[in-house]
Each structure stands twice: as structure tokens, then as C-alpha cells.
Amino acid sequence: MFVVRGRASGPPAAVTAGVHGDEYEGVAAVGDLTNALDPVTLRGTLILVPVANPTAFAAGTRTNPEDGANLARSFPGDPDGTPTERLAAKLFTAVGGNVATTAYLHCDACDTSQPLAADTAAARSAAATVTEYRWKSATATHRGR
Ligand SMILES: [Zn+2]
């Protein structure tokens, strides 16, 4: 997780990728965004989570191999629950509790045969589609796939 604080004040926001471990475009897009950010010109704070589900990412699987659960369907999580529910609870508290808006990057047509080999940063960013905005709310639910 990266936290970039802008010099000027502004609303906090977050960008999260890698909720599904087999969706590489969003992970690359968050990396590109992290490198491109300039705290001098940034207003507010941006939290960047390139890999929200590291166990699934390491395995290259959509779901968490520890329990087979889909992180996108596990929010807000349970600190005493399954491995995926515990991860969801940590993310929900660490990220969702500190920002007004979170953009979740998912990929609907991932080419996992060559995830990051030849495409450009712009193409990767375009491929990572923002499928959901979650506005801060105590009752907000995650409707990801
Ligand atoms: Zn996804």
C-alpha cells in the first residue's frame, strides 16, 4: 500500500487493484499511477493498493486459494472470519475508513497468457476498467463480481 499526500489539501481517495489475483492490468495501472503522481501538484491524499489480495495474486487465481472465497464479495469482512473475510476487514478499515471514494480496478477480458509483456502503460491503464465506486458509508456494500 502506498500513501501519497499532496501538498494542497483535498478529499482523500483510494485506488485498489488485485482484488482478484488473476487480473494483472489493474495492478500494472496502479504501479504506473504511483510512479506518475507528483505530490507537489496532487490535491489531497491518494491511497494506492496495487495488490489487494496477495495470496490470490501469488497463485494467479481469481479467488483466495486458502479458502476459495471471492474477496470482492467478502466486504466489509469479519476480523474473526475466514482468511478472505479477515483480509476484507483489514482493507475495509485501512482503506475504506480513511477515504471518501475508492475506485476498484477490475478486468473483464484479461489476457493472462502474456499479462504484462508487450503492451504499453497506456494500454494497460485503458484495459483496467473502473467498475465500481464505493462512496463512504457505514452501510456501503461491495457489488463486485
Ligand atoms: Zn476483478
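None of these values were measured; they are calculated from a predicted model.

Another aspect to go through is the pairing of strand β3 (residues 45-49). Summarising the sheet, strand β1 (residues 2-5) and β3 pair through four bridges and their orientation is antiparallel. Looking at β3, one finds that Val3 is bridged to Ile47. Note: strand β2 (residues 13-16) against β3, four bridges, orientation parallel. Residue pairing across strands places Thr16 opposite Val49, the latter belonging to β3. Between the parallel elements β2 and β3, the chain passes through helix α1 (residues 24-36) in a crossover that is right-handed.

All right, on to the nonpolar core then. The nonpolar side chains of a soluble globular protein tend to be buried with one another. Ranked by size, the top nonpolar core spans 28 residues in total, and within it Ala17, Val30, Ala52 and Leu71 carry the most contacts. Those elements that provide at least two residues to this core are β2, α1, β3, α2 (54-59), α3 (83-94) and β4 (101-106). Looking at this core, the element that brings in the most residues is α1, giving six residues. Once residues lying within four places of it in the same chain are set aside, the contact partners of Ala52 are Thr16, Ala17, Gly18, Val19, Leu71 and Leu91.

Here the focus is unusual backbone geometry. Residues other than glycine predominantly adopt negative phi, and peptide bonds predominantly adopt the trans conformation. Residue Pro76 is bonded to the preceding Phe75 through a cis peptide linkage, with omega at 5°. Within the element layout of this structure, Pro76 appears in the loop between α2 and α3.

Before going further, it helps to spend a moment on the confidence of the model for the chain. Across the chain, the average pLDDT comes to 79, with 74% of residues at 70 or higher. Taken element by element, the chain is modelled with least confidence in strand β5 (residues 129-135), mean pLDDT 36, and with most confidence in α2, mean pLDDT 95. Residue range residues 114-145 is modelled with pLDDT below 50. Its contacts to residues more than four positions away, or to other chains, number 49 contacts.

So, on to α3. Counted at 1.5 Å a residue, the expected span for α3 with its twelve residues is 16 Å, and the 16 Å between its end C-alpha atoms agrees. Here α3 has its buried residues at Thr84, Glu85, Leu87, Ala88 and Leu91. When α3 is viewed along its axis, its buried side chains cluster within an angular range of 160° and face the same direction.

How each quantity is defined
- Residues numbered from 1 in each chain as written.
- Predicted model: local features only at pLDDT ≥ 70, side-chain atom pairs only at ≥ 80, totals over all residues.
- Pairing = 2+ DSSP bridges.
- Helix = DSSP H or I, 4+ residues; strand = E, 2+ residues; numbered from the N terminus.
- Right-handed = clockwise from strand over helix to strand, strands pointing away.
- Core = buried A, V, L, I, M, F, W, Y, C linked by C-beta atoms within 7 Å.
- Buried ≥ 20, exposed ≤ 12 C-beta atoms within 10 Å, placed from the backbone.
- Contact = placed C-beta atoms within 7 Å.
- pLDDT = per-residue confidence, 0-100.
- Expected span 1.5 Å × (residues − 1).
- Arc of directions from axis to C-beta.

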